[in-house]
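Given next are the chains, with one letter for each unit.
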2 protein chains.
Amino acid sequence: MFLSSLMPLEKVLNIINNVEVIKSREEVSIGDGYNRVLAEDVESLLNSPAFDNSAMDGYAVRAEDTFGSSQINPSHLKIVDRIGAGEVSNITLKSGESVKIATGAPIPEGANAVVMEEYTIENGNDLEVEYSLTPFENVSPKAEDFKKGALILKSGKLLRPQDVGIISSSGHHKIKVFKKPIIGVITTGNELVMSISEIKEAKIINSNYYTLKALVESAAAIPNVAHCNDEAENVSKQIEEFLKSCDAIITTGGTAISKGDVVVDVVGELGHVLVHGVAIKPGKPFGFGKINNKPIFMLSGYPVASMVQFDVFVRDFILKMQDIYREPQIVKKIVSRKIPSTLGRTEYIRAKTDGDMIHPLKIKGSGVIRSMVESDSYILIDENNEGIKKGEECDVMLYDSLKV
Amino acid sequence: MFLSSLMPLEKVLNIINNVEVIKSREEVSIGDGYNRVLAEDVESLLNSPAFDNSAMDGYAVRAEDTFGSSQINPSHLKIVDRIGAGEVSNITLKSGESVKIATGAPIPEGANAVVMEEYTIENGNDLEVEYSLTPFENVSPKAEDFKKGALILKSGKLLRPQDVGIISSSGHHKIKVFKKPIIGVITTGNELVMSISEIKEAKIINSNYYTLKALVESAAAIPNVAHCNDEAENVSKQIEEFLKSCDAIITTGGTAISKGDVVVDVVGELGHVLVHGVAIKPGKPFGFGKINNKPIFMLSGYPVASMVQFDVFVRDFILKMQDIYREPQIVKKIVSRKIPSTLGRTEYIRAKTDGDMIHPLKIKGSGVIRSMVESDSYILIDENNEGIKKGEECDVMLYDSLKV
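Predicted model, so just to flag it, every value in this text is computed and none were measured. Per chain, residue numbering runs from 1 following the sequence as it is written. Whichever chain is written first becomes A and whichever ligand is written first becomes 1, with later ones labelled in order. Only residues with pLDDT of 70 or above have their local features reported here, since the model is predicted, and side-chain atom pairs are shown and tallied only from 80 upward, although totals for entire chains, interfaces and linings are computed over all residues.

J.: Sorry, what's going on with the overall build of chain A here?
T.: Strands here are runs of E lasting at least two residues and helices are runs of H or I lasting at least four, both read from the DSSP assignment and numbered beginning at the N terminus. When helices and strands are counted, chain A shows seven helices and 28 strands. Radius of gyration (C-alpha) of chain A: 32 Å, far over the 22 Å computed for a compact globule of 404 residues. Over its C-alpha atoms, taken along the principal directions, chain A stretches across nearly 95 × 50 × 45 Å. Sorting the 404 residues of chain A into buried and exposed places 50% on the buried side. Sequence separation of 24 or more characterises 68% of the internal contacts of chain A that already satisfy a separation of 6 or more. The atom set for the radius of gyration is the C-alpha atoms, and the globule formula is 2.2 Å times the number of residues raised to the power 0.38. Three classes are used. A residue is buried when 20 or more other C-beta atoms lie within 10 Å of its own, exposed when 12 or fewer do, and partly exposed in between, with C-beta atoms placed from the backbone. Note that contacts rest on C-beta atoms placed from the backbone: two residues are in contact if these are within 7 Å.

Now the structure itself:
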C-alpha cells in the first residue's frame, strides 16, 4: 500500500548530504582547546627549542676535551660557571673548561656536548670526566621540534592533548575552533509526561527527552530540549522559537507515514519536507525538511526507532557542522543464528558482539529500549538481502565507534 | 651506573595498582547522566509499558471479527469510540465493534488486536476491514520492555544515551553516579613561562600546563592546574594546598633520577616516595608517592616523557577513581622497518598506523612534541626484547583507544 512510497536509504542520505552545512567559528583559549576542532591552520610563532640546549643534567664541555676519557683514564676540566633551568651563561667556553648545566638550559658558546652527571666526579671546581663524548652528544638542537613559521596543525584537526600541547608551545594562546552547534530537540506526544508522579491512565514517561539530549551530547553538540503536545499551533511556535536560537532541529513523534501527521504537516507549512518515510527497519517514519535553510530532522516517537534514525541520519550531519568528517566504521563478524530480513528494507538489527561472533538480539519492537541497552552494535542488512544464514559473515557497526 | 636502580615496569604497576582507590558518589539529574558512571543498581519503579497498547495508528478490534477478511471480502465493524495518544477508552468492546486508536494508547477492554489504518476504509461510523488479523497482532504487551522491580542497569555502567533513556523510562529522575575526581596538576620549572610575550633568553613556554590539563580531561576528570618554580618551599606549599581540594596530584619536572631533585624530595618529606625511576623509554624519570593516603604521580618535565608516563601510569588510576576498569586494547600490526630496542627497558615507540602496517617515527627526543602529534599509536617493546625486525608483527596501542 504505502510501502511503495518509502524512499530507499541511499536516496535519503543523498538528500541530507546535499544540504549546505553551515559552520561557525569562535576563538577559545588554548586551555579550552581539548576535543575541539581547529578552524584555522596553525603556524609556529617561534623556533622550538629557541636555542641549542642540554638534554641532561650535567656539564657542558668541548667534546674534544674528553676524547679517550674513561673511568681508568679520566680527563680533568675546570668548572667555570653553573646554570640552572631557565638560566643562561655569559661565558664563552675555552678548551679545558666546563659549565655545570641543567636540563633544558642553553648550551654556552664554545661548548658542543654535555656529559651526564653520572659519568663525572666533582671536586670543588675540578671536574673529573670518565667518558669520551662525541660532538653534539646530549645536545637538543635549536628548532629540533619545529621552526618558526612551520605549519604545526591544519584546520579540521580534532585536538588531542598533544595537539593542544604543541599549539601552546608554538606561541599561540588563543585559537579559532568550530563552534559546537546548538541543536533544538522537540519531543511531541500528548501521552508523554516528565516524571513518575505525573503518570496516570494512558500516560508514559518521556524518555526521548533524555535520550535525545544525550545523543546530541554524544555528537559533541549542545542540546536545547523542549516538550510539546500534539497541537499543530504549539509545535509550530516551538519550532519557530528554536529556529531563532538553534542551528538545527530534531523532533520526535508526529511522523506517521500513512496520513498527515502533526510534525510533518507543520514543517511542510513553515518550510519544505524533502523526505517522509524511509525504507529502513526500524525507523521507517522518518522525515527531513528545511525551514529558512535550517535542517529539521523528524524522528519517530518510538524510542528505538528514534535512536536508530539519529545514528543513521542525524549524527554525521551534526559532526559535519563541526567540520568532523567520518566514514562509518564497519567490522566483520560471524553471526550466531539465522536472521531473516525483508527485501527492499535496510535493516539495523540490534546485536551483541562476542569476540569474532555476533549474536542478534531476540527482543524486538521499536518501543523496547532494552534492546538498545542489551546490545552494543547493529548488524546491517542491506535492502537487496533476504537475510543472513547462521555462520555467515556480516557487517557490524559498533555503537562505541559512533562517539566522538 | 644508576640503571641498576630503575624499577621494572611491572613492579611499578603493581605498586600503583595496590594503592587504595577512593571513590566518591554524587546524585545527578538523569538529564546530566550521559557519560557518567552509575554508582548504584537501578531497579524499575514501574511496568513499561504500563498497559497493553497499540503498536500502530489504527483500530482496536476483536481479531475473531476479522477472520477471513480481505480486500475482496472485507468485514464491517462499528466504530464506537476514538482515542488519541495519551487517552483511554472506557468502552468494553463487543463483537462487531471497533475503537479508533493512536499508537501507544491502551487497548480497550474486549479488544485483542489492532488493524492498521492502511488496511481499512472509514465511512462515518462504519469501518471496512480488508485484512484478517491474528489475536495480539499490533499489540505491545504490558511490561514488554521491563517489569516493575526488574534490574535495569548495574552499578559501574558507563551511561550511553540508551542507558539514560531506559533509566528515565523506569521512573527515576535522579541517579547516583561516581564523582569525577579533581586532579591537581603542578608544573614545575624555573625555565617555564606561560606565553610568548614572556619569553627571553633561556625561557620556554610551559606546554605541559595545557597538555596535562587536556590529558586529565581526556580521562573524564576535572583538572586544577598550577605552576610553581623550582623552590622546594613553593612546591611544598602548592602540594599541601592541592591535598586539601584534590583527590590526586600530578606534577611535572623535578624528578631527575641521579640525584635528589626538588619534587621527589618534597614528596619524600611530606609523605612517602614508593617509586623513583622506571625502566621504560621514554619516561624513566617517573616518581610515585603517597601523602595522607592521596596518590602523587611525579612526571618528567619533558613533554613527550610526561605524556607517555600519563598513559602508562596515571590514566587508568584516574579512571578507576570513577569505577571505570579497562584492559589496554592491544592490536597487532606489521612493522615497516627495523626497530632496535634496549634490553631491560620497556619501550613506547611513537608510530603511525597505515592499514595493517605500522610505521615507527624517526623523530625521537623526549622533548619533541611533534613526535606525539604526528603519531597515532605506541609500538610496545617489552624489556626482554632486543628489537623488532622489518615485517614482523608487533603490539600496538592506539591513542584513540585510550580516551573514555
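J.: Looking at this structure, how should I read the confidence of the model for chain A?
T.: Residues shown with low pLDDT carry predicted positions that ought not to be read at fine detail. One confidence number per residue, pLDDT, is output by the predictor and ranges from 0 to 100. Put simply, chain A has an average pLDDT of 94, and 98% of its residues get 70 or more. This complex was scored by the predictor with a pTM of 0.93 and an ipTM of 0.93.

J.: Mind showing me how you'd approach the relation of the copies chain B and chain A here?
T.: What connects the two chain copies is a rotation about an axis and a shift along it. Between chain B and chain A, which share one sequence, the superposing operator has a rotation angle of 180° and an axial displacement of 0.0 Å; the RMSD is 0.0 Å. A rotation of that kind, with that shift, is consistent with a two-fold axis. When you check the interface residues of chain B against chain A, 100% turn up at the interface there too, and the contact is symmetric in its surfaces. Superposing the copies works by least squares over the C-alpha atoms of residues that have pLDDT at least 70 in both of them.

J.: Looking at this structure, I do not really get the sheet that holds strand β4 (residues 58-61) of chain A. What am I missing?
T.: Residue and element names in this part refer to chain A. Here six strands make up an open sheet; going across it, the order is β7-β4-β6-β5-β9-β8 and the pairing mixed. Strands at the two margins of the open sheet, each flanked by one partner only, are β7 (113-116) and β8 (120-123). Taken pair by pair, the neighbouring strands of this sheet meet at an average axis angle of 35°, ignoring direction. Whether two strands pair depends on DSSP finding at least two bridges between them. Here strand β5 (residues 75-83) pairs with strand β9 (residues 126-129) via four bridges, running antiparallel. Along β9, the bridge assignment pairs Leu77 with Leu127. Think of each axis as a best-fit line through the C-alpha atoms, taken over the contacting stretch in the case of a helix, with angles from 0 to 180 degrees between the N-to-C directions.

J.: Which parts of the structure should I look at to understand the packing of helix α4 (residues 232-245) of chain A against helix α5 (residues 262-270) of chain A?
T.: Packed helix pairs are specified by the crossing angle of their axes together with the interaxial distance, meaning the distance between the axes. Residues and elements named next belong to chain A. For the pair α4 and α5, interaxial distance at closest approach is 9 Å and the crossing angle is 55°. With respect to α5, the axis of α4 lies oblique. Both α4 and α5 take part in a crossing whose hand is right-handed. Contact residues: α4 offers Ala232, Val235, Ser236 and Ile239, while α5 offers Val262, Val263, Asp265, Val266 and Leu270. In what follows, roughly perpendicular refers to angles from 65 to 115 degrees, roughly parallel to angles under 35, roughly antiparallel to angles over 145, and oblique to any angle outside these ranges. By definition, any crossing whose near helix is turned counterclockwise from its far helix by less than a right angle is left-handed, and any crossing with a clockwise turn is right-handed.

J.: What is the right way to read the interface of chain B and chain A from this model?
T.: Frequently, the measure chosen for interface size is the accessible area removed from exposure when the parts meet. Taken together, the contact pairs 67 residues of chain B with 67 residues of chain A. The classification used treats Ala, Val, Leu, Ile, Met, Phe, Trp, Tyr, Cys and Pro as nonpolar, Asp, Glu, Lys and Arg as charged, and all other residues, Gly among them, as polar. In terms of residue class, the side of chain B that touches chain A is made up of 31 nonpolar, 20 polar and 16 charged.

J.: Where do I start with the domain arrangement of chain A in this structure?
T.: Per the domain assignment, the segments of chain A are domain 1 (3-24 + 179-320), domain 2 (25-48 + 145-178), domain 3 (53-140) and domain 4 (330-402). Spacing between the C-alpha centres of domain 1 of chain A and domain 2 of chain A amounts to 35 Å. By convention here, the domain bounds are inherited from an automatic or database domain assignment.

J.: Even after reading the chapter, I still don't get the sheet that holds strand β21 (residues 294-299) of chain B, so can you show me in this structure?
T.: To summarise the sheet geometry, strands pair through backbone hydrogen bonds and adopt either a parallel or an antiparallel arrangement. All names here are of chain B. Pairing is mixed across the open sheet formed by six strands, whose spatial order is β16-β13-β17-β21-β20-β18. Both edges of this open sheet fall to β16 (222-228) and β18 (272-276), since each of them pairs with a single strand only. Averaged over all adjacent pairs, the angle separating strand axes in this sheet is 20°, with direction ignored. Where strand β13 (residues 182-188) meets strand β17 (residues 248-252), five bridges bridge the pair, whose relative direction is parallel. Across the sheet, residue Ile186 finds its bridge partner in β17, namely Thr251.

J.: Would you mind going over the packing of helix α3 (residues 207-218) of chain B against helix α6 (residues 303-320) of chain B with me for this structure?
T.: All names here are of chain B. Where α3 contacts α6, the two axes come as close as 11 Å, and the packing angle between them is 15°. Here α3 is positioned roughly parallel relative to α6, judged by the angle of their axes. Crossing angle aside, the handedness with which α3 passes α6 is right-handed. Contacts between α3 and α6 pair Ser207, Asn208, Thr211, Leu212 and Leu215 from the former with Pro303, Ser306, Met307 and Phe310 from the latter. Counted by class, the contact of α3 with α6 contains five nonpolar, four polar and no charged residues.

J.: It is not clear to me how α6 of chain B should be interpreted in this structure. Could you clarify?
T.: Residues and elements named next belong to chain B. Take the residue count of a helix, subtract one, and multiply by 1.5 Å to get its expected span. For α6, spanning 18 residues, the distance from its first C-alpha to its last is 25 Å, which sits close to the expected 26 Å at 1.5 Å a residue. The reported bend at a residue is simply the angle between two axes, fitted to the 7 residues ending at it and to the 7 residues beginning with it. Remark: the principal bend of α6, roughly 45°, maps to Val314. In terms of burial, α6 is a largely internal element, 16 of the 18 residues being buried.

J.: I tried to follow the pairing of strand β6 (residues 97-101) of chain B on my own but got confused; where do I start?
T.: Successive residues of a regular strand alternate their side chains across the two faces of the sheet. All names here are of chain B. In terms of burial, β6 is a largely internal element, five of the five residues being buried. Taking every second residue as pointing to the same face, both faces of β6 are buried, with Glu97, Val99 and Ile101 on one and Ser98 and Lys100 on the other. In this sheet, β6 lies alongside strand β4 (residues 58-61) in antiparallel orientation, the contact comprising three bridges. Paired with Ala60 across the bridge in β6 is Val99.

J.: Before we go on, may I ask you to explain the environment of Ala150 of chain A in this structure?
T.: All names here are of chain A. Locating Ala150 in the fold gives a position in the loop between β10 (139-140) and β11 (151-153). In this structure, the C-alpha to C-alpha distance between Ala150 and Ser44, residues 106 residues apart in sequence, is 5.4 Å. When near neighbours in sequence (up to four residues on either side) are disregarded, Ala150 contacts Glu43 and Ser44.

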